[in-house]
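Residue strings, one per chain:
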Amino acid sequence: MPLTQGTRIGAYAVDALIGAGGMGEVYRARDTKLNRDVALKVLPPLVANDPDRLARFRREAQVLASLNDPHIAQIYGFEDSGDAHALVMELVDGPTLEARIAQGSLPIADALPIARQMAAALETAHEHGIVHRDLKPANVKARADGTVKVLDFGLAKAFGREGANATVDDANSPTITTPAMTAMGMILGTAAYMAPEQARGQLVDKRADIWAFGVVVYEMLTGARLFTGATVSDTLAAVLRQEIDWTALPADTPARVRQLLRRCLDRDPKQRLRDIGEARVLLSEPDVAADASVTAPLASPSPSRAWRWLGVATAILLAAAVGAGAWWFKPSTPIPLRRFDLPHEIAANGVRAAIGSTVSGAALAPDGASVAYVADGHLYVRALDALSPRDLGVVPSDVRQLFWSPDSRSVAFAAGGELRRIPATGGTPFVICAIPATGRLLAADWLASGSIVFAVWRDSLYQIAAAGGAPTTRLALNPATEVDFHDVSALPDGRLLLTVHHVAGDVFSVESLDGATRRVLTNDGSVSDVQYASGHLLFHRSGPNSGLWAVPFTDGPIDLTKAVSVQPGAEGYSVSRDGSLLVGLPSTEHRVLVWVDRSGRSTPVPGAPVALGSARLALSPDGHRAAFVVSDGDTTRLVVRDLDTGLDRPLTTERDTAAGDVVSPATWLPSGDRIAYASETLHNFAVRIFEQPADGSTPPRDLTGGTTVRFSRDGRTLVCIVDDRGRGRLRYARVASDGTPGPLRPIFQHDEPDAIFDQIALSPDGSTLAVTVRDPDGRANIFLTRFPSGTGRWVVTTSDGTFPAFSADGRELFYAALGPRDAQGSAHGELMRVPITLQPSITIGAPAALFGDAPPPGGNRNAQESASGDLALAGFSVSPDGQRFLMSTAAPAAPGEGPRVVLVQNWVAALRP
C-alpha cells in the first residue's frame, strides 16, 4: 500500500509517490536534517522480507554509493524504519527518455549529446567494476540544465540472489518477472534491452550494458523499439534471433555512429565493443555530426576495419549538436538576449493571441528559423535570414490557428470548417479532416508522434493523424460542467496542457491530461494560453500586470509565486525550441495632449503627438509640467513635457542604469522636483519602483518593490500596489528624511482573497485613500478607506468606476466611468465628479457626469480649440484649481503605425538574476 504524505522513514518525510515498479515504490521526500529533497526507493516485500537478499542489497548499495559522476544519480544512504527499508537517492526532476521517445524519434543533434552523457555514466561505473544490468529509456532522466542522469545503477544485481542460481536469477529479477508489472507493460520494456547472453541466463559483464546502450541509442534515433513481442518469451526470442533493420535509422545518421551501433549490437560478446569509453570518446569529438550526409553501407565491414575507421576519423558531433540545441534536454543557448522588430506585414497580423482569440496570428517554426503568417489573403512563410517571404498562395478569409509540424516542414491551419496542411516550401493544401461538431477550431498542436490534437468550440478535444482520416475523441466534453477547451499544447513527457472553460462561474482552469487522467495545475482565472518552453511554462496573464509570464516547470500545480514577467502588455506569443520567442505588442497610436474643461471643451497642449505607452498623464503639483510613458522601439521610457512650451525632456534614456523599461505611469513627489515610477530592473523582469530628479540630472534610485505608487503631501509616507501572484495588494511605508522608504506594511489586516486593487489616490490631507478594486469578473468600482489604518469602507461606485483623483482642496472626487469595450477594444464612458467631505467624518454626495469621451459637436469653439473626439478618460489628471483636466486624444495615424511583433532570442536569459 503506498505511503501517505507526511509518513516518516527515519529523517525523511514522504511527500508524494513519483513512481512504482518491480524494484519498489519511489517517493519524493524531504530530508529534514539537511533540508533538501530526495528520492526514497522503498524496497518491495520480495527483498525487505528476505534477510539474505536484504543483506546483499545493503552491500551492493554501499558499493554503488561510491560512484561519483555528474551523469549518475547518486545514492545518499540506506534508511530503516520499522518494516520499511528504503534507499535514499538523489532526486532528479525532469522527464524520462522513455517519455521523450514516446513523442517520436529524436533529431541527431538531440540524441547524440544524450548518448555521450549515457556513455560517460557507464564508463565511470565500469571502471568501478559495476554493471548497470537494467539500462533502458525509463532509467534515463535529465535535469532542467540539460544534464543527463542515469538511474538505478546496479540495482538489478542488488535484487538478485547469491549462490548457484545467481546468474539465472539476474535474468529473472523483479524488474523482469513481477506479474504486477506485466499489466503495466514494463516486462517487455526491460526484456527488450537485455543482451543475448543475459537473455540466456549466462554470465553478465559490462558488455551487456554496451548492448543495452546500443539498443537505447537505436530507439532514440528511430523512435521505435528494436525488439518487441507479444510476450516476454517472444521479446527475448527477438533479442536472440531477429535481424536488425539498419535501414530504419534516419538517412542523416552519421556513418561513424552507424558503425558504433553495429559494434554495440553484435550478438557475440567477444566481437562487441570492448569498452564504452570508446563510444564516449567518439561522441565527444566535434565533427561526428558532419558525417550525417554520408550513409553507411548496409553490409557490415569486418570488425577490425570498422573499428580502425572509427578510431582514425572520430570527429564531428558535440559542437554541432550543442549548437543546434535540444528542446527537451535543454542546453544553454549561446546566443545572447536580443530583441528585434519583425517586418510590418508580420506585425500587422499579430501573433497567436491569448485565450478566446479568433485570429490566426503569426506562428514561429519549432526550429526558430521561420515565421508563418497571413497577409492580404495570402499565407506566407518568411525565413528569418531571408529578405523576402515565400508566398504559399491564397487562403480563405476565415483562416485561423496557424501552427507548425514538429520538423518545421509543414504549416497547418483551420479554414472553411476544415483542418488543412501545406508544405512550408509551397504546394497544394491538403485537407486533413473536416472539423467536427460546430466546425470551429479553438486551439491545436501537432505532436511529435505525428498526430494533431485540437479543441473545438463548444465541443470536445479531438485527435487525428496528420496524414488525414477520421478524427477520434481524445477527451469528451462534459456539457454539464464544461463549455469547451480553449488551449492545448504538449508537455515533454507526452502529457497535454489544457485550458478548460467551466460552466459554473464562467471560469477557467489549466489542467494536464495524461490519457484519461486530468490534473488541475491552477484555478487562477487570470492564467491562460499555457505552453511548455525551455524548462518553463509560458502563459498569458490578464488583469493587473497583464502580459506574458513564465514560471519554472514542475510536475505539480503551477506555483505562481515563482512566475516572472517576460513582456508586460503582450497580447500573444509563439515560442520555438531554440529559445526564440515571438511577442505581439498592441498598437502604440500617437496621441495629442489636450486640456478639457468641465463642459467638455478641449484645447490642444503645445507639443508633438506622442506614442503613449500608458494612458495616465501625471500632472506636476504646479500644473505646468506633465510626465508620461512613451513607447520607443522595443522599450518604454518616461518623458516630462513643459505644458507651456511643448518641449519634451526624456527622463529615462539609455538602459545603462538599474532601471530598464518603464512599465507603469509616473507620480510626482510633493516637492515637484522628483518623479517616481515603476520599471523593470535590468537583466531580469522584476518590477520595482524608482525615483529620480525631474530634470534627469542623476540616475534613478531603487526605492522598493511595487507597480504603482503615491506619496502623501508632506512626502513622509508612500502607498503602493505590489504584485501578489498577479493580484494587486495595498502596502504603505514611512519615508525617512533622505527619501528612503521603510519596510512595506499591509494597509488591511486581512486582504479580501478575491480583491484585486488596481488604482489608488491619496487625499490632500493624507487621511483617506481612494481605491479601485476589481472583482474576479473584471468589474471595477471605487471605495474610500481611512489611511493608513484601512478602517471603514465608503462605497463611491457600484456599477463601474476607475482612476479616482481628488481635487486639490479634497472636496471633490473625480473618476472615469467606463462602459463595456467595443469590437475594436475601446471602452467609452464619462468623466464623473462626486462631492465629498473627509473631516470629521466621510460623506459622499451624488455623482454627476461632466462630459463623455467624445465631446459633443458644435458649440462656440475658437481656432485653438479641438473638436476631435476619442478622449482617453482613463488616466486623466486634474489641474491644481480643479477646473481643467489633462487628457489625450487620438492624432492622425502615421504611416506604418500599428501593432508590433518582436522576436526575442534566448528569452530565458532574461529570467536569470
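Whatever comes next refers back to the structure up there.
Just so it is clear, the structure is predicted and the values come from calculations on it, not from any experiment.

**Q** Explain the overall build of the protein to me, please; I cannot follow it from the model alone.
**A** A count of helical and extended segments in the protein gives 17 helices and 59 strands. Counting the 913 residues in the protein, one finds 55% classified as buried. Approximately 37200 Å² of the protein is accessible, and the part contributed by carbon and sulfur atoms is 52%.

**Q** Looking at this structure, I do not really get the sheet that holds strand 17 (residues 430-434). What am I missing?
**A** Whenever strands of a sheet pair, they do so through backbone hydrogen bonds, lying parallel or antiparallel. Read across the sheet, 4 strands follow the order 14-15-16-17 without closing on themselves; strand pairing throughout is antiparallel. The outermost strands of the open sheet, each flanked by one partner alone, are strand 14 (400-404) and strand 17. The sheet shows a mean angle of 20° between the axes of neighbouring strands, taken without regard to direction. Bridging between strand 15 (residues 410-415) and strand 16 (residues 418-423) involves 6 bridges; their strand directions are antiparallel. Within strand 16, the position partnered with V411 by the bridge is I422.

**Q** Even after reading the chapter, I still don't get the nonpolar core, so can you show me in this structure?
**A** Here is a general trend for soluble globular proteins: nonpolar side chains tend to be buried in one another's company. Counting residues in hydrophobic clusters, the biggest one holds 62 residues, and the most contacted among them are L97, M118, F213 and M220. With 11 residues, helix 11 (residues 206-222) is the largest single contributor of residues to this core. Filtering out sequence-adjacent residues up to four positions away, M220 remains in contact with L97, I101, S105, L106, A111, I114 and A115.

**Q** I'm lost on the pairing of strand 25 (residues 517-522) in this one. Help?
**A** Regular strands place their side chains on alternate faces of the sheet. With 5 bridges connecting them, strand 24 (residues 508-514) and strand 25 associate as antiparallel partners. Of the residues in strand 25, the one forming a bridge with D514 is T517. What sits between the antiparallel neighbours strand 24 and strand 25 is a turn of 2 residues, in which G515 has the positive phi angle 65°.

**Q** What am I meant to see in the pattern of salt bridges here?
**A** Pairing between side chains becomes possible if they bear opposite charge and their charged atoms approach one another. Taken as a whole, this structure holds 21 salt bridges when the rule is applied. Between D93 and R28 there is a salt bridge; the shortest N-O distance is 2.6 Å. Here R28 lies in strand 3 (residues 24-31) and D93 lies in the loop between strand 6 (84-90) and helix 3 (97-101), a separation of 65 residues in the sequence. Residue E123 is joined to R280 by a salt bridge in which the shortest nitrogen-to-oxygen separation is 2.9 Å. Within this pair, whereas E123 is found in helix 4 (residues 108-127), its partner R280 is found in helix 14 (residues 276-284), the two being separated by 157 residues in sequence. Its relative accessible area of 15% is what places E123 among the buried residues. Because the salt bridges share partners, they merge into one network encompassing E482, E511 and R518.

**Q** Looking at this structure, how should I read the environment of P568?
**A** Considering the arrangement of structural elements, one finds P568 in strand 29 (residues 564-568). Through-space distance from the C-alpha of P568 to that of S546 is 6.1 Å; in sequence the pair is 22 residues apart.

**Q** Explanation requested: the sheet that holds strand 27 (residues 536-541) in the structure shown.
**A** Within the open sheet, the 4 strands sit side by side as 26-27-28-29. Their pairing is antiparallel. Each edge of the open sheet is held by one strand with a lone partner, namely strand 26 (527-533) and strand 29. Neighbour-to-neighbour, the strand axes of the sheet open up by a mean angle of 25°, direction not taken into account. Two strands pair when backbone bridges link them, and strand 26 and strand 27 are joined in this way by 5 bridges, in the antiparallel orientation. From the neighbouring strand, V527 faces strand 27, where its bridge partner is R541.

**Q** What am I meant to see in the packing of helix 4 against helix 11 here?
**A** To describe two helices that pack against each other, one gives the angle between their axes and the distance between the axes. In contact at an axis separation of 10 Å, helix 4 and helix 11 are set at 170° when each is read in the N-to-C sense. Of the possible angle classes, the one that applies to helix 4 and helix 11 is roughly antiparallel. Between helix 4 and helix 11, the residues in contact are I108, A111, I114, A115, M118, A119, L122 and H126 and K206, D209, F213, V216, V217, M220 and L221, respectively. For the contact of helix 4 with helix 11, a count of residues per class yields 12 nonpolar, 1 polar and 2 charged.

**Q** In this structure, what is going on with the pairing of strand 14? I would like to understand it.
**A** Most of strand 14 sits inside the fold, with 5 of its 5 residues counted as buried. As paired strands, strand 14 and strand 15 are joined by 3 bridges and run antiparallel to one another. Bridge assignment links F403 to a residue of strand 15, and that residue is A412. Hairpin connection, strand 14 to strand 15: the antiparallel pair is bridged by 5 residues, and S408 has positive phi, about 65°.

**Q** Hey, could you run me through the environment of L87 in this one?
**A** Inspection of the secondary structure assignment puts L87 in strand 6. Under the relative-accessibility criterion, L87 is labelled buried at 0%. In sequence terms L87 and L40 are 47 residues apart; their C-alpha atoms lie 5.7 Å from each other.

**Q** Please clarify how the side chain of E90 should be interpreted in this entry.
**A** Structurally, the position occupied by E90 is in strand 6. On the basis of relative accessibility, which here comes to 14%, the residue E90 falls in the buried class. Here the side chain of E90 touches K149 through a polar contact of 3.2 Å, side chain to side chain. Apart from residues no more than four positions distant in its own chain, E90 is found in contact with A39, I72, A73, Q74, Y76, R143 and K149.

Parameters at a glance
Residues numbered from 1 in each chain as written. Predicted model: local features only at pLDDT ≥ 70, side-chain atom pairs only at ≥ 80, totals over all residues. Heavy atoms only, no water. Helix = DSSP H or I, 4+ residues; strand = E, 2+ residues; numbered from the N terminus. Buried < 20%, exposed > 50% of the residue type's maximum accessible area, 1.4 Å probe, protein only. Areas by Shrake-Rupley, 256 points an atom, 1.4 Å probe, with all protein chains shown as cover. Pairing = 2+ DSSP bridges. Axes fitted to C-alpha atoms, helices over the stretch in contact; angles between N-to-C directions. Core = buried A, V, L, I, M, F, W, Y, C linked by side-chain atoms within 4.5 Å. Contact = heavy atoms within 4.5 Å. Salt bridge = Lys/Arg side-chain N within 4 Å of Asp/Glu carboxyl O. Parallel < 35°, antiparallel > 145°, perpendicular 65-115°, else oblique. Nonpolar A, V, L, I, M, F, W, Y, C, P; charged D, E, K, R; others polar. Polar contact = N/O pair within 3.5 Å; in protein donor to acceptor, adjacent residues only side chain to side chain.

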